[in-house]
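Descriptive analysis of the structure
Take a look at the letters that make up each chain.
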Amino acid sequence: MRRYDAILFDLLTALIDSWSLWNRVAGSEMAGRAWRGEYLKLTYGCGAYRPYETLVEEAAVASGLSGSHAKALEEEWPSLEPWEEARPLLRKLTKAFRLGVVTNCSERLGRCAAMRMEVPFDVVVTSERAGFYKPRPEPYLLALRELALPAERVLFVCGSAFDLFGTSQVGMATLWHNRVGLRRPENAPAPLMESRALEPMVSEHLA
């Protein structure tokens, strides 16, 4: 019997190259990383849901940008591009597994980003719908309820290592697609595997 019945992904970093969009809107990689860093601080410290767009704007100002950058990011959102191997991988996986995403995002922008994958998901859980931001357990638990599966039958693929705190709480085995070479946060549980390449890592753990 295979180990998993479903695979959940972190949408905006494991499947989609959102880094490039933030950098482009900010004007440079350095400015984009600083903005994204402030956003992550706000998001992962937030817990209960506050509007995603508000956090993005607050983070822009905190990093030395302006509210207009947050508006520009929202306007450019439909141009988000998946990592090159993400769509082919999902097309292959959908033949044998149920698929879903759990993302720290508003419902509107989360659904828009999910559509960029061009693959129908069984479950799309946003923080707005769950009422809490990851790594609180509520978004992951909502996805498991909607899949009607226990945690041990679901593999999670994260793009941000902060997910490791949440998935470990609910008992999901987790792979880390560390595409941009980030450091694992202090005290974060270790993933099953960490790799800059998405497809080989996932395929290895489904064999």
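First, a word on scope: everything that follows refers to the structure included in this document. (Residues numbered from 1 in each chain as written. Predicted model: local features only at pLDDT ≥ 70, side-chain atom pairs only at ≥ 80, totals over all residues. Heavy atoms only, no water.)

With respect to the packing of helix α9 (residues 137-147) against helix α10 (residues 163-170)
Cut-off, in case you're wondering: The axes used here are C-alpha line fits, helices contributing only the stretch in contact, and every angle between their N-to-C directions lies in the interval 0 to 180 degrees. Each helix is a run of H or I in the DSSP string that is no shorter than four residues. Each strand is a run of E no shorter than two, and both are numbered from the N terminus. Angles below 35 degrees are treated as roughly parallel, those above 145 as roughly antiparallel, those between 65 and 115 as roughly perpendicular, and all remaining angles as oblique. Two helices cross in a left-handed way if the nearer one is turned anticlockwise from the farther one by less than a right angle. They cross in a right-handed way if the turn is clockwise. Contacts were defined at the residue level, with two residues in contact if any of their heavy atoms lie within 4.5 Å.
The contact between α9 and α10 brings their axes to 9 Å, and the two run at 55°. In terms of orientation, α9 and α10 fall into the oblique class. Handedness of the α9/α10 crossing: right-handed. Taking contact as the criterion, the partners of P137, Y140 and L141 in α9 are, on α10, D163, G166, T167, Q169 and V170.

Focus: the packing of aromatic side chains
Each pair of aromatic rings is reported with the distance of its centres and the angle of its planes. Note the threshold: Here is the rule: rings of Phe, Tyr and Trp (six-membered ring for Trp) pair when centre to centre is within 6.5 Å. Planes less than 30 degrees apart are stacked, more than 60 are edge-to-face, and the remainder are tilted. Exposure is judged per residue with a 1.4 Å probe applied to protein chains only, and the accessible area is read against the type maximum: over 50% gives exposed, under 20% gives buried, and values in between give partly exposed. A positively charged side chain is recorded as over a ring if its NZ (Lys) or CZ (Arg) lies within 6 Å of the ring centre. The angle to the ring normal must also be within 35 degrees.
Applying the stated criterion across every chain, the model contains eight aromatic pairs. When the ring of Y49 is compared with that of Y133, the centres are 5.1 Å apart and the planes differ by 20°; the resulting orientation is stacked. Residue Y49 is located in the loop between α3 (29-44) and α4 (52-62), and its partner Y133 is located in the loop between α8 (127-130) and α9; the two are separated by 84 residues in the primary sequence. When the ring of Y52 is compared with that of W77, the centres are 6.0 Å apart and the planes differ by 70°; the resulting orientation is edge-to-face. Taken together, the residues span a long stretch of sequence, with Y52 in helix α4 and W77 in the loop between α5 (67-76) and α6 (86-93) at a distance of 25 residues. A residue is classified by how much of its surface remains accessible, and Y52, at 2% relative accessible area, is buried. What links up through ring pairs into an aromatic cluster is the set W22, W35, Y39, Y52 and W77. Above the plane of the ring of F97 lies R2, whose end atom (NZ or CZ) is 4.6 Å from the centre. The ring of W19 has R33 lying over it, and the distance from NZ or CZ to the ring centre is 5.1 Å.

Brief notes about empty space enclosed by the protein
Here is the rule we go by: The distinction between a cavity and a pocket rests on a 1 Å grid over the protein atoms alone: a 1.4 Å probe fits inside a cavity but cannot get out, while a pocket stays open yet meets protein on both sides within 12 Å along at least five of seven lines, and a residue with an atom within 4 Å of a point counts as lining. Grid points are joined across faces, edges and corners, and a volume is the space filled by probe spheres set on the points. Three classes are used: nonpolar for Ala, Val, Leu, Ile, Met, Phe, Trp, Tyr, Cys and Pro, charged for Asp, Glu, Lys and Arg, and polar for all others, with Gly counted as polar.
Taken as a whole, this structure holds one cavity of 30 Å³ or more when the rule is applied. Considering the residues around the largest cavity, the lining is formed by D10, L12, T13, W19, R36, Y39, L40, Y44, T103, N104, K134 and S160. Only α1 (11-15) and α3 provide two or more residues apiece to the lining of the largest cavity. Considering every element that reaches the lining of the largest cavity, the biggest residue donor is α3, with four residues. Residue composition of the lining of the largest cavity, grouped by class: five nonpolar, four polar and three charged.

Looking at the pairing of strand β2 (residues 98-103)
Here is the rule: In short, DSSP must find at least two bridges between two strands for them to pair. A clockwise course of the path from the first strand over the helix to the second, judged with the strands pointing away from the viewer, identifies a crossover as right-handed.
Judged by how many residues are buried, β2 sits mostly within the fold: five of six residues are covered. Across four bridges, β2 lies against strand β3 (residues 123-126) in parallel orientation. Paired with V101 across the bridge in β3 is V124. Remark: the β2/helix α7 (residues 107-115)/β3 crossover connection has right-handed handedness.

Section: unusual backbone geometry
Across the junction of K134 and P135, the peptide omega takes the value 10°, indicating a cis bond. Among the structural elements, P135 can be located in the loop between α8 and α9. You will see that A148, though not glycine, has its phi angle at about 55°, which is positive. Judged by relative accessible area, A148 falls into the exposed class, the value being 64%. Backbone geometry at N187 places phi at a positive 70°, although glycine is not the residue there. Tracing the backbone shows N187 in the loop between β5 (173-177) and β6 (193-195).

Let's talk about the pairing of strand β1 (residues 6-9)
By the alternation rule, side chains of β1 split into A6 and L8 and I7 and F9, which are all buried. Relative to β2, β1 runs parallel, the two being bridged by four bridges. Looking at the pairing, L8 lines up with G100 of β2. In the sheet, β1 pairs with strand β4 (residues 154-158) via four bridges, with the strands oriented parallel. Residue I7 lies in a different strand from β4, and its bridge partner there is L155.

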